[in-house]
Amino acid sequence: MTASPANEPFHGLGCNSCGARLNVPPDERTARCPYCASPNIVMRPRADGEDPTFAVGFVLPDNVARERARKWIRGAWFSPGAFLRSDVTAIRGVYVPAYMFTAEAHVKYTVSIGENYVVIETYTTTDSKGRLVTRTRTKTVTEWRGLSGQWASYIDDVFVTASKGLHNTELEAIEPFDTRALKRYSPKLLSGWIAEDPSMTATQCLELARAEAVGQIGHRLSDHMPGDRHRGLKYSTQLVHEDLELILLPIWILAIKYDDESPLVRLLINGQTGALVGQPPRSWIKITVAVLAVLAAIALTVMLGTRGVL
Amino acid sequence: MNTDPSTGATEPLCQRCESPLEPEDLRCAVCALPVPISPLADVQQAVTQILRCNGCGAAVRYLAEIGAPRCDFCDSVMEIETPEDPVEQAEFFVRFAITDEQARKALKRWLGGLGFFRPSDLQSRAAVDALKPLWWVGWMFDAEGTMTWAADSNAGSRRADWAPHSGQAPLRLHNVVVPASRGLTEVECRGLIASYDISNVATQPPHHDRATFEQFAVQRSAARKIISGALEAAARNRAVPLIPGARHRKLSVAVLPTRLVSRHYAFPAYVLAYRYRDKLYRAIVHGQDATCVVGKAPISWARVAAVALAVIALIAVVATIATA
Ligand SMILES: [Zn+2]
Ligand SMILES: [Zn+2]
């Protein structure tokens, strides 16, 4: 296999419905978009954007991914019957583009640190004979002290989606990816898999990544704080030596369109770790029936109980 | 420990934290900055076979002419293993400075000086079963950078016992040893580390009749976790004297290391197995300093019991006198 775009063994597909731009191996006969199950896909020339720097390879084989998807569908008791009968053969392993952000963070913070201490207080109450008595009890009081300081660390493992078809919260839900298994990108790696071209620009993703990094710093700062508790943490972050790399992440995607009226249901499985995210649809009829059945059972128990049968 | 030998090599450095990059690195192991195009891509790591001990897990280089001997650390059977990851080799071998005979004497002297709770005939009756010179392995690293910390201390406290403090300081660590040995325990390694004269090193295994040398048998990614753990532990130690007051709690440290340079060292030691009343014990004699011995020795329970009884008797006497 060669890497030159002229005899690239992939053909480009574009989804007119969700906007995904996919590169599909020639033997892959897909009539629907793996992201949104839309049949509205068109051939398009391969985009000549930047090549990814790294990729995380697929570890989870397709039979395992399919089995997980099947289990997930069967486990959705409160979903409509049509959904439970959904086919899993449409599941596709897709190399999804994402940006990996690393930086050096310098943070200045102010915070209120709560230091607990115990006081003994006296109080009056009435005893069992109705007399007024004075007693003592211990009480924990928090003394709040201001603290300001600095914090510095490297920021690592921030991933943001570069695909318009995959929301960043969906990506976060199946993270983490083990970056120790990172491979340098080569077209060979993609053979037999669908690979998506980025549909978001590096500039858009950089802003997302910075925001995610700042959020991550907040959590780490919280862990850094002394005292019994803290509140009012404010911090300003300076990110320097930033780096943003386009990478490909292995994700199993199953788009389920179980009837024409209902919205699309999407299952994502981390192709490296097997972590799974998806929101099965709810059948309100099934839920109502179940609630009624539970209520009936309770009512029956109470009735039998009051008549002394139980 | 004093001067360390210069590595001399012109290794490529990370653009962000200036730590040397290793062959096959895709990202800097310290700060995670991607390495542009592998500048060391053509460096081939030879696939070597190692001998792995079934007992303690130590790994030593496999030499076909020697075959599969018994483990020098624990005397268990060893098996040939071909590791997937490149096996890291020691780059620096600290030289032996004492002989077999001095090691034997060191053990005897050590057995005699262990104190009252040891059997009185320990020194005279203990017989050395086996003496094996070997090099055990560890990383040694230097790092610079900054460290920020936060902690509670009694300084400045008001009604509560504690008051919060924070600070930052430059970090400068030099020759911090992190044991990588599987054959020796962490405690044994810690006991030996301080006494090595690392200026007395060779870059090739020095000629020695029988000494084997241990391999770095930890995968590279795991090795880096261990080193960054040691870096943080070292930073914590540096932070403690910076906290005002006499007592502290809840110390957190964040480090931003730069120029983290780690080297692979092999440290000389004698592993001695000695027998006392039909039981085997292991002691390690430092390969350079005969006064440094670590290991296990029997305890005289008769003596412990005698002391306990004496203490109880004394308490009884005091109590009787007090009540009388
Ligand atoms: Zn689509
Ligand atoms: Zn670096």
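As a reminder, the structure under discussion sits directly above these lines.
These numbers come from a predicted model, not from an experiment.

Participant: Any chance you could explain the overall build of chain B here in plain terms?
Facilitator: Helix and strand counts for chain B stand at five helices and 11 strands. Here chain B has roughly 16300 Å² of accessible surface; of this, 55% comes from carbon and sulfur atoms.

Participant: How do you make sense of the environment of A:Ser191 when you look at a structure like this?
Facilitator: Residue and element names in this part refer to chain A. Position of Ser191 among the secondary structure elements: in the loop between strand 7 (182–184) and strand 8 (194–196). Residue classification places Ser191 among the partly exposed positions, given a relative accessible area of 36%. The spacing of Ser191 and Pro25 is 166 residues in sequence and 7.0 Å in space, taken between C-alpha atoms.

Participant: Would you explain the interface of chain A and chain B in this entry?
Facilitator: It is common to give the size of an interface as the accessible area that goes away when the parts come together. Taken together, the contacts link 38 residues of chain A with 42 residues of chain B. In this assembly, chain A packs against chain B so that about 3000 Å² is buried in total across both faces, 52% of it on carbon and sulfur atoms. Area buried by chain A at its contact with chain B is led by A:Arg145, A:Tyr154 and A:Arg184, which between them contribute 24% of it. At the junction of chain A and chain B, the tally comes to five salt bridges. Put simply, B:Arg27 and A:Asp157 hold a salt bridge, and the shortest N to O gap is 3.4 Å. Summed over the shared surface of chain A and chain B, the result is 20 residue pairs in polar contact (both at pLDDT 80 or more).

Participant: I tried to follow the sheet that holds strand 1 (residues 50–53) of chain B on my own but got confused; where do I start?
Facilitator: Where strands meet in a sheet, backbone hydrogen bonds hold them as pairs that are either parallel or antiparallel. Residue and element names in this part refer to chain B. The three strands are arranged 2-1-3 in an open sheet whose pairing can be described as antiparallel. Pairing within the sheet leaves two strands with one partner each, and these edge strands are strand 2 (59–61) and strand 3 (78–81). Taking the axes of each pair of neighbouring strands and ignoring which way they run, one obtains an average angle of 35° across the sheet.

Participant: What is the right way to look at helix 1 (residues 100–112) of chain B in this model?
Facilitator: Note: α-helices contain 3.6 residues per turn, so residues at a spacing of three or four share the same orientation. Residue and element names in this part refer to chain B. With 13 residues, helix 1 ought to run about 18 Å at 1.5 Å a step, and its terminal C-alpha atoms sit 19 Å apart, in line with that. Of the residues making up helix 1, those classed as buried are Ala103, Ala106, Leu107, Trp110 and Leu111. Burial along helix 1 is one-sided: seen end-on, the buried residues are contained in an arc of 130°. The inward-facing, buried residues of helix 1 abut helix 2 (122–125), strand 5 (127–153), strand 9 (248–276), strand 10 (279–286) and strand 11 (293–295).

Calculation criteria
- Residues numbered from 1 in each chain as written.
- Chains lettered and ligands numbered in written order.
- Predicted model: local features only at pLDDT ≥ 70, side-chain atom pairs only at ≥ 80, totals over all residues.
- Heavy atoms only, no water.
- Helix = DSSP H or I, 4+ residues; strand = E, 2+ residues; numbered from the N terminus.
- Areas by Shrake-Rupley, 256 points an atom, 1.4 Å probe, with all protein chains shown as cover.
- Buried < 20%, exposed > 50% of the residue type's maximum accessible area, 1.4 Å probe, protein only.
- Contact = heavy atoms within 4.5 Å.
- Buried area = accessible area lost by both parts, 1.4 Å probe.
- Salt bridge = Lys/Arg side-chain N within 4 Å of Asp/Glu carboxyl O.
- Polar contact = N/O pair within 3.5 Å; in protein donor to acceptor, adjacent residues only side chain to side chain.
- Pairing = 2+ DSSP bridges.
- Axes fitted to C-alpha atoms, helices over the stretch in contact; angles between N-to-C directions.
- Expected span 1.5 Å × (residues − 1).
- Arc of directions from axis to C-beta.

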